[in-house]
Amino acid sequence: MIRIENPNGYIELTNNYFACLVGKAAQSCFGVTGMVNKGPVQHIKSAIKSKASLDNSNQGVTVRSVGGELVIDLHISVSYGVNISAIVESIVNKVRYTVEEATDLKVKNVNVFIDALN
C-alpha cells in the first residue's frame, strides 16, 4: 500500500491498483504477449483466484516505494522475433508515463524481466 499525504489528509493506493494499472500499460505495448508469474508465491495466488476472471494483468508486477519514489518490477513474455531492446524501452516509457499521470507519483525505476518467448 502506498500512502500519500496532502493538505486535506491521506490517500492510500493499494498494491492491487498499481499492479493492474502497470500490467495493463505493459500489455498494451507491441510485442508483449502476456504477464508471467514471477515466482511460486504468485503462481499459487493465481491458482487460488477464481477461474471466472480472465484478467491476468496484475500477474508478474511488483511495485514498491523507495524514498518516496516507485520502483516497478515487471515479468513478461514477448513474441518471438521482435526487437527486445525496443520492446523494453517502449514498456519503460509507457509504464512510467501511465503511473505518473494517474497518480502524480514519481517512478524511479522500471525493471523489465523477460521470462518467456512465444
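Refer to the structure printed above.
Since the model is a prediction, treat every value here as computed from it, not as a measurement. (Residues numbered from 1 in each chain as written. Predicted model: local features only at pLDDT ≥ 70, side-chain atom pairs only at ≥ 80, totals over all residues. Heavy atoms only, no water.)

(A) Quick look at the packing of aromatic side chains. The final tally for this structure, using the stated rule, is one aromatic pair. Taking 5.7 Å as the distance between ring centres and 70° as the angle between the ring planes, the aromatic pair formed by Y17 and F18 counts as edge-to-face. Y17 gets classed as partly exposed once you look at its relative accessible area, which sits at 35%. On the accessibility criterion, F18 (0% relative accessible area) is buried. (Phe/Tyr/Trp six-rings, centres within 6.5 Å; stacked < 30°, edge-to-face > 60°. Buried < 20%, exposed > 50% of the residue type's maximum accessible area, 1.4 Å probe, protein only.)

(B) The arrangement of a nonpolar patch on the surface in detail. On the surface, Y80, I84 and L117 cluster together to form a nonpolar patch covering roughly 350 Å² of accessible area. With respect to the helices and strands, I84 occurs in helix α3 (residues 84-103). On the basis of relative accessibility, which here comes to 37%, the residue I84 falls in the partly exposed class. (Patch = residues over 30% accessible without salt bridge, like charges linked within 9 Å, V, L, I, M, F, W, Y side chains within 5 Å. Areas by Shrake-Rupley, 256 points an atom, 1.4 Å probe, with all protein chains shown as cover. Salt bridge = Lys/Arg side-chain N within 4 Å of Asp/Glu carboxyl O. Helix = DSSP H or I, 4+ residues; strand = E, 2+ residues; numbered from the N terminus.)

(C) Expanded view of the side chain of T103. Structurally, T103 can be placed in helix α3. In this structure the side chain of T103 is engaged in a polar contact, spanning 2.7 Å, whose partner is the backbone oxygen of V99. Non-local contacts of T103, meaning those with residues more than four positions away in its chain, are made with L13, Y17 and F18. (Polar contact = N/O pair within 3.5 Å; in protein donor to acceptor, adjacent residues only side chain to side chain. Contact = heavy atoms within 4.5 Å.)

(D) How the structure looks around unusual backbone geometry. With a phi close to 65°, D104 is a non-glycine residue in the positive phi region. We classify D104 as exposed; its relative accessible area is 70%.

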